[in-house]
Amino acid sequence: MKKNLETICVHGGWKPKKGEPQQLPICQSTTFRYETSEQMARLFDLKDEGYFYTRLANPTNDAVAKKICALEGGVGAMLTSSGQAANFYAVFNICQAGDHFITSNTIYGGTFNLFGVTMKKLGIECTFVDPDWDDAKIEACFKENTKCFFGETISNPGGNVFDIERFAKMAHKHGVPLIVDNTFATPINCRPFEWGCDIVTHSTTKYMDGHATQVGGCIVDSGNFNWETCTHEGDNSVPVNVNVLRQGSGEQSSEPVKFPGLTTPDESYHGLTYTKAFGKLAYTTKLVAQLMRDLGSIPAPQNSFLLNLGLETLALRMKQHCSNAQKVAEWLEKNPKVSWVNYCGLPSNKYYALAQKYMPNGSCGVIAFGLKGTRDDAIKFMDNLDFISIVTHVADARTCVLHPASHTHRQLSDEQLREAGVAPDLVRLSVGIENVDDIIADLESAMKVIDN
């Protein structure tokens, strides 16, 4: 039976049998017992499915991963200990020293630093592009060693909408997958796989949890990218400038394979080749069996339990977040103390048409805006708020605010801030699910301290 998203939020991932708990149980155990040595050996050789050590897999974690996978419409998913870990694993699973990838320059500041600084230390080069550039300028950034293209459905903190279909076609033209961080939109409002995206990531800390109780991340694979031929399922075009060894087709080539980690033998698993052994689950299996085995960024089962509670009400909360944010954005747009507003739900917004295409039922609750006046005026405004909180966090039930240039993006230079689309006066307002009249009243009262 095919289920709607609201039903998957409640029932996905866990179906209790006779006498089992209705609520997903917490399997707070590091290890799992077997009766024979052979049973354990087959698990380590990836010949059987099962649990033996929570760093690789845990029943509670897996149930929640399956729910998110179903919400996104993927074939496989893996939870991580944070959204930052999810983005790192998603790219590192197909990149190694000497490789290159492309990303939108409007991504979250922490991810910007991860890609531009930390991964560079691992020998992986990243090129930042402005999504508003024309195709020719962006395509000129692709290289023979480019392995993926990365973007955010709705950028954090700027609120820009990523043209998923456009960049999916561009990535596939060059024989690489498109990875999209879908944190702000959530699968309730946007399902990137339906527009050609290949891999989705999430910071589950945000809307999926919704209550600021756990830190986590998730990677979901569509199963639609063929790692051997470097093509997207359903796309009959032949990628340009891609060196591919078509394994098993009889074709021989002296050129290197594009994704050797997936299409050539892994000596740490007795020469197993992921694409041959696991087909559409090759990418997810390598995530778990190799990266999580070696790097270990697992979520605690208790955290996954809390995340699952949040997921049960995700569809309900997103409607309220979007409804409230729309009214607040309209109020801000008319406010004489506000110099600009970026919210894709406004008909006057630059990204309105894209938002209607990808998220016709609402985008998210996050609004970017600027106040008339100085940076000190923005700080005074935030300091005079009542129940709206100044916090680093974003996208939960409570309305909160932050000044990225002073907080989340303070490690970036002025030039990097401009490259990331973060203006010095940008205020990120995450609209919660409180009564919208109270939210507006708090904003209005705090703005009285601004003299203009």
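The following paragraphs examine the structure supplied in this document. Note that the structure is a prediction, hence the values are computed from the model and not measured. (Residues numbered from 1 in each chain as written. Predicted model: local features only at pLDDT ≥ 70, side-chain atom pairs only at ≥ 80, totals over all residues. Heavy atoms only, no water.)

## Considerations on the overall build of the protein chain
Turning to step 1, where the next piece is worked out: Of regular secondary structure, the protein chain possesses 17 helices and 14 strands.
Turning to step 2, where the next piece is worked out: With the principal axes as the frame, the protein chain shows a C-alpha extent of 75 × 60 × 40 Å.
Turning to step 3, where the next piece is worked out: Carbon and sulfur atoms provide 51% of the accessible area of the protein chain, an area that totals close to 19400 Å².
Turning to step 4, where the next piece is worked out: If you average the places of the 42 positive and of the 51 negative side-chain charges in the protein chain, the two averages end up 3 Å apart. (Helix = DSSP H or I, 4+ residues; strand = E, 2+ residues; numbered from the N terminus. Areas by Shrake-Rupley, 256 points an atom, 1.4 Å probe, with all protein chains shown as cover. Lys, Arg positive; Asp, Glu negative; His and termini not counted. Charge placed at Lys NZ, Arg CZ, Asp CG, Glu CD.)

## Examining unusual backbone geometry
Turning to step 1, where the next piece is worked out: Here the amide bond leading from N156 into P157 is cis, since omega sits at 15 degrees, within 30 degrees of zero.
Turning to step 2, where the next piece is worked out: Mapped onto the elements of the fold, P157 is located in the loop between β4 (146-152) and α7 (164-173).
Turning to step 3, where the next piece is worked out: Look at C230: it is not a glycine, yet its phi comes out positive at around 60 degrees.
Turning to step 4, where the next piece is worked out: Looking at where C230 falls in the secondary structure, it is placed in the loop between β8 (225-226) and β9 (231-232).
Turning to step 5, where the next piece is worked out: The class of C230 is buried, set by a relative accessible area of 0%. (Buried < 20%, exposed > 50% of the residue type's maximum accessible area, 1.4 Å probe, protein only.)

## A closer look at the environment of E330
Turning to step 1, where the next piece is worked out: Checked against the element boundaries, E330 lands in helix α13 (residues 314-334).
Turning to step 2, where the next piece is worked out: The spacing of E330 and A140 is 190 residues in sequence and 39 Å in space, taken between C-alpha atoms.

## Examining the packing of helix α4 (residues 83-92) against helix α5 (residues 109-121)
Turning to step 1, where the next piece is worked out: Running from N to C, α4 and α5 point in directions that differ by 45 degrees, and their axes come no closer than 10 Å. It follows that α4 is oblique to α5 by the angle criterion. Considering the relative orientation of α4 and α5, their crossing is right-handed. Each of Q84, N87, F88, V91 and F92 in α4 lies in contact with α5, whose residues at this interface are G110, T111, L114, F115 and M119.
Turning to step 2, where the next piece is worked out: Of the residues in the contact of α4 with α5, the class split is six nonpolar, four polar and no charged. (Axes fitted to C-alpha atoms, helices over the stretch in contact; angles between N-to-C directions. Parallel < 35°, antiparallel > 145°, perpendicular 65-115°, else oblique. Left-handed = near helix turned anticlockwise from the far one by under 90°. Contact = heavy atoms within 4.5 Å. Nonpolar A, V, L, I, M, F, W, Y, C, P; charged D, E, K, R; others polar.)

## Focus on the nonpolar core
Turning to step 1, where the next piece is worked out: Counting 53 residues, the largest nonpolar core has I68, F149, L178, V220, L311, L314 and M359 as the members making the most contacts within it.
Turning to step 2, where the next piece is worked out: In terms of residue count, the dominant contributor to this core is helix α3 (residues 59-72) (six residues). (Core = buried A, V, L, I, M, F, W, Y, C linked by side-chain atoms within 4.5 Å.)

## Focus: helix α11 (residues 282-295)
Residues separated by three or four positions in an α-helix point in the same direction, a consequence of the helix having 3.6 residues per turn.
Turning to step 1, where the next piece is worked out: Given a rise of 1.5 Å per residue, 14 residues ought to cover 20 Å, and the 18 Å separating the end C-alpha atoms of α11 matches this to within 8%.
Turning to step 2, where the next piece is worked out: Within α11, the axis deviates most sharply at V288, by approximately 25 degrees.
Turning to step 3, where the next piece is worked out: In terms of residue burial, α11 counts as a mostly covered element, since 11 of its 14 residues are buried.
Turning to step 4, where the next piece is worked out: Listed as buried for α11 are A282, Y283, T284, T285, K286, L287, A289, Q290, L291, M292 and R293.
Turning to step 5, where the next piece is worked out: On its buried face, α11 sits against β1 (76-80), α4, β6 (199-203), β7 (217-221), α9 (260-263) and α10 (274-278). (Expected span 1.5 Å × (residues − 1). Bend = angle between axes of the 7 residues up to and from the residue.)

## A closer look at the sheet that holds strand β13 (residues 400-402)
Turning to step 1, where the next piece is worked out: Reading across the sheet, the five strands line up as β10-β11-β14-β13-β12 and stay open at both edges, with mixed pairing between neighbours. Each edge of the sheet is formed by a strand with only one pairing partner; in this case those strands are β10 (338-342) and β12 (389-390).
Turning to step 2, where the next piece is worked out: Two strands pair when backbone bridges link them, and β10 and strand β11 (residues 366-371) are joined in this way by four bridges, in the antiparallel orientation. Bridge assignment links V338 to a residue of β11, and that residue is L371.
Turning to step 3, where the next piece is worked out: Strands β10, β11 and β14 (426-430) of the sheet are contacted by α13, whose axis makes an angle of about 15 degrees with β11. (Pairing = 2+ DSSP bridges.)

## Some thoughts on empty space enclosed by the protein
Turning to step 1, where the next piece is worked out: By the definition in use, this model includes one cavity of 30 Å³ or more.
Turning to step 2, where the next piece is worked out: For the largest cavity, the calculated volume is near 30 Å³.
Turning to step 3, where the next piece is worked out: Residue lining of the largest cavity: L79, T80, T204, Q214, G216, G217, P299, N303, S304 and L307, and that is the complete set.
Turning to step 4, where the next piece is worked out: Among the secondary structure elements, those contributing two or more residues to the lining of the largest cavity are β1 and α12 (301-312).
Turning to step 5, where the next piece is worked out: Among the residues making up the lining of the largest cavity, the classes are represented as three nonpolar, seven polar and no charged. (1 Å grid on protein atoms, 1.4 Å probe; cavity = no way out; pocket = protein on both sides within 12 Å on 5 of 7 lines; lining within 4 Å. Points joined across faces, edges and corners; volume = space filled by probe spheres on them.)

## Let's talk about the packing of aromatic side chains
Turning to step 1, where the next piece is worked out: Summed over the entire model, instances satisfying the criterion amount to 18 aromatic pairs.
Turning to step 2, where the next piece is worked out: Here the aromatic rings of F101 and F115 are separated by 4.9 Å at their centres, their planes lie at 90 degrees, and the arrangement is edge-to-face. Note that F101 is positioned in strand β2 (residues 100-104) and F115 in helix α5, a separation of 14 residues in sequence.
Turning to step 3, where the next piece is worked out: A ring pair is formed by F112 and F128, whose centres lie 4.2 Å apart and whose planes are at 20 degrees; its orientation type is stacked. Of this pair, F112 sits in helix α5 while F128 is found in strand β3 (residues 125-129), placing the two residues 16 residues apart along the sequence.
Turning to step 4, where the next piece is worked out: Classification of F112 as buried rests on a relative accessible area of 4%.
Turning to step 5, where the next piece is worked out: Of the aromatic side chains, those joined through ring pairs into one cluster are F142, F149, F162 and F167. (Phe/Tyr/Trp six-rings, centres within 6.5 Å; stacked < 30°, edge-to-face > 60°.)

On their own, these measurements won't tell you what the molecule is for.
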